[in-house]
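Chain residues, written in single-letter form:
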Amino acid sequence: MSIFWIVLLLIIVMVSHQFYTRYVPIKGIPCVEIDKKRNREKLTVDIRDYQEADNDKVAEAVVIPIPYLRRHFHEIPSRSVHIVASNRVEKNLAIRFLKQKGFEITGYTLTKCRCKKKIGKLA
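Residues numbered from 1 in each chain as written. Predicted model: local features only at pLDDT ≥ 70, side-chain atom pairs only at ≥ 80, totals over all residues. Heavy atoms only, no water.

Chemist: Give me the packing of aromatic side chains: which residues, what numbers.
Modeler: Following the criterion strictly, the structure yields four aromatic pairs and no others. Centre to centre, the rings of Tyr 50 and Tyr 68 are 6.0 Å apart; their planes meet at 35°, and the pair counts as tilted. One end of the pair, Tyr 50, is in helix H2 (residues 50–55); the other, Tyr 68, is in the loop between strand E2 (61–63) and helix H3 (69–72), and 18 residues separate them in sequence. The class for Tyr 50 is partly exposed, based on a relative accessible area of 46%. On the basis of relative accessibility, which here comes to 33%, the residue Tyr 68 falls in the partly exposed class. Pairing Phe 73 with Phe 97 gives two aromatic rings, centres 5.5 Å apart and planes at 85°, and the pair type is edge-to-face. (Phe/Tyr/Trp six-rings, centres within 6.5 Å; stacked < 30°, edge-to-face > 60°. Helix = DSSP H or I, 4+ residues; strand = E, 2+ residues; numbered from the N terminus. Buried < 20%, exposed > 50% of the residue type's maximum accessible area, 1.4 Å probe, protein only.)

This is how it looks when you write it as structure tokens:
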């Protein structure tokens, strides 16, 4: 096998891995609205950027934007987490990372969801 085919195969594997982690949804994690009655064992983690999270506040949520999640995931006090994200790519990356670190993801909410208007019910 020539070096060209080996390099091409490695590139295909890397691109496939990136595509999978970003765009393939995680099974078993439901899209739900945030409960009005807060469960003390479940924590809401808002992974949107600071400006967006400040404009559309979620009550009692810990705001850790997705680029800072790897550095500050240890600041999440609960092991049971509900994710608030602005799009599906952020949601997929955060859920995969937090599950890898041992967190239980109970559900997620997308603020820019085309199917339902949930943003008015978050605050």
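Chemist: Please set out the side chain of Asn 92 residue by residue, giving values where relevant.
Modeler: Mapping Asn 92 onto the fold places it in helix H4 (residues 88–100). Under the relative-accessibility criterion, Asn 92 is labelled buried at 2%. What Asn 92 contacts, discounting residues up to four positions off in sequence, is Thr 21, Arg 22, Tyr 23, Val 24, Pro 25 and Ile 26. (Contact = heavy atoms within 4.5 Å.)

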